[in-house]
Amino acid sequence: MSSTASHNQAPIFNHTMVRVRDPAKSRHFYESLLGMTHIVKLDFEGGKFSLHFLAFDVPDNIKSAEHDERRKYAFSRPGVLELTHNWGTESDASFAGYSNGNTDPGRGYGHIGICVDDVDAFCKFLEDNGVAFKKKPNEGSMKGIAFALDPDGYWVEILPKRY
């Protein structure tokens, strides 16, 4: 397999998507606790779902820009997280939730990863704010990294910068 593509394009890894039960809870986790910025929300009335796009390091001029400019920005940069919300799941008592990809059946998807300056301090902040963990920094054989759980049970790996 060649490592040089012949299509004369310059692709970027733009985003990954996870389905969420309650966008308010998920946005709180990713924005208020992890520090991401909500770029834009796209509603699809016909399909009864919404897409929320978040990222780190969003410039101030984008945060205050009109909807169309924020949408274009979300699809022009790397490192975006898309939260897909199927309407009604947040209030449906019979909704069993989504597979996080780390258990059977449905094993496949693993996690997203973020890098921080101080893993221990960041994890303490998350723990102090009620975040559950799959693995804390000093547990298991891989010391110095952690796996926090978002409101839907997706794993968020926390690594030191320049790991």
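The present account deals with the structure reproduced in this document. Each chain has its residues counted from 1, following the order in which its sequence is written. Since the coordinates come from a predicted model, pLDDT governs what is reported: local features require at least 70, and pairs of side-chain atoms require 80 or more to be given and counted, while whole-chain, interface and lining totals use all residues. Side-chain numbers here rest on the full set of heavy atoms in the structure, without hydrogens or water.

### Structural notes on the overall build of the protein chain
Phase 1: Every helix listed is a DSSP run of H or I at least four residues long, and every strand listed is a run of E at least two residues long, numbered separately from the N terminus. Looking only at helices and strands, the protein chain has 4 helices and 8 strands in total.
Phase 2: Each helix (α) and strand (β) of the protein chain, taken in turn from the N terminus, gives the series β-α-β-β-α-α-β-β-α-β-β-β.
Phase 3: By principal-axis analysis of the C-alpha atoms, the protein chain measures approximately 45 × 45 × 40 Å.
Phase 4: We call two residues in contact when some of their heavy atoms are within 4.5 Å. Residue pairs at least 24 apart in sequence account for 59% of intrachain contacts in the protein chain once pairs closer than 6 positions are excluded.
Phase 5: Residue exposure ignores everything except the shown protein chains as possible cover, and the areas themselves are Shrake-Rupley values with a 1.4 Å probe. Summed over its atoms, the accessible surface of the protein chain is roughly 9800 Å², and 52% of this surface lies on carbon and sulfur atoms.
Phase 6: Positive and negative charge centroids in the protein chain, built from 19 and 22 side chains respectively, lie 2 Å apart. When charges are counted, neither His nor the chain ends are considered; positive counts come from Lys and Arg and negative counts from Asp and Glu. The atom standing in for a charge is NZ when the residue is Lys, CZ when it is Arg, CG when it is Asp and CD when it is Glu.

### Quick word on the sheet that holds strand S4 (residues 80-86)
Phase 1: If DSSP finds at least two bridges between two strands, the strands pair. Strand order in the open sheet made by the 4 strands is S1-S4-S3-S2, with mixed pairing throughout. The strands lining the two open edges of the sheet, one partner per strand, are strand S1 (15-20) and strand S2 (37-44). Across the sheet, the axes of successive neighbouring strands diverge by a mean angle of 20°, strand direction being ignored.
Phase 2: Of the strand pairs in this sheet, S2 and strand S3 (residues 49-55) are connected by 7 bridges, and their pairing is antiparallel. Looking across to S3, one finds that Phe-44 is bridged to Phe-49.
Phase 3: Note on method: axes are straight lines fitted to C-alpha atoms, helices fitted across the in-contact stretch only, with angles between N-to-C directions ranging 0 to 180 degrees. The strands touched by helix H1 (residues 23-33) are S1, S2, S3 and S4; relative to S4, the strand with the most contacts, the crossing angle is about 165°.
Phase 4: Here helix H3 (residues 67-74) sits on the sheet and contacts S2, S3 and S4; the angle it forms with S2, its principal contact strand, is near 105°.

### With respect to the nonpolar core
Most often, soluble globular proteins have nonpolar side chains that are buried together.
Phase 1: As used here, the term nonpolar core means buried Ala, Val, Leu, Ile, Met, Phe, Trp, Tyr and Cys residues forming a set that is joined through side-chain atoms within 4.5 Å. Buried residues are those whose accessible area, probed at 1.4 Å on protein chains only, stays under 20% of the maximum for their type, while exposed residues exceed 50% and partly exposed ones sit between those limits. Grouped together as the largest cluster of nonpolar side chains are 24 residues, with contacts concentrated most on Tyr-30, Leu-34, Leu-126 and Ile-158.
Phase 2: Secondary-structure elements contributing two or more residues to this core are S1, H1, S4, strand S5 (111-116), helix H4 (119-128), strand S7 (146-149) and strand S8 (155-160).
Phase 3: Sort the elements by how many residues they give to this core and H4 lands first, with 4 residues.
Phase 4: The next biggest cluster of nonpolar side chains, apart from the first, holds 11 residues, and it includes Leu-42, Leu-51, Ile-62 and Ala-74.

### Notes on the packing of aromatic side chains
Phase 1: Pairs were defined over the aromatic rings of Phe, Tyr and Trp, the Trp ring being its six-membered one, requiring ring centres within 6.5 Å. Orientation was assigned from the angle between planes: stacked under 30 degrees, edge-to-face over 60, tilted for the rest. If you walk through the whole model with that rule in mind, you get 7 aromatic pairs.
Phase 2: Ring plane angle 85° and centroid distance 4.8 Å describe the contact between Phe-29 and Tyr-30, whose orientation is recorded as edge-to-face.
Phase 3: Note on Tyr-30: relative accessible area 1%, which makes it buried.
Phase 4: Measuring from centroid to centroid gives 6.2 Å for Tyr-109 and Tyr-154, while their planes differ by 85°, and the two rings are edge-to-face. You can see Tyr-109 sitting in the loop between S4 and S5 and its partner Tyr-154 sitting in the loop between S7 and S8, a full 45 residues away along the chain.
Phase 5: The exposure class assigned to Tyr-109 is partly exposed, which follows from its relative accessible area of 30%.

### A few points about the pattern of salt bridges
Phase 1: Salt bridges are identified by distance alone: a Lys or Arg side-chain nitrogen within 4 Å of an Asp or Glu carboxyl oxygen. On inspection of all chains with the given rule, the structure shows 9 salt bridges.
Phase 2: Here Arg-27 makes a salt bridge to Glu-31, at a shortest N to O gap of 2.5 Å. Taken together, the positions of Arg-27 and Glu-31, both in helix H1 and 4 residues apart, correspond to about one turn of that helix.
Phase 3: Residue Arg-27 is classed as partly exposed on the basis of its relative accessible area of 27%.
Phase 4: Judged by relative accessible area, which is 22%, Glu-31 ranks as partly exposed.

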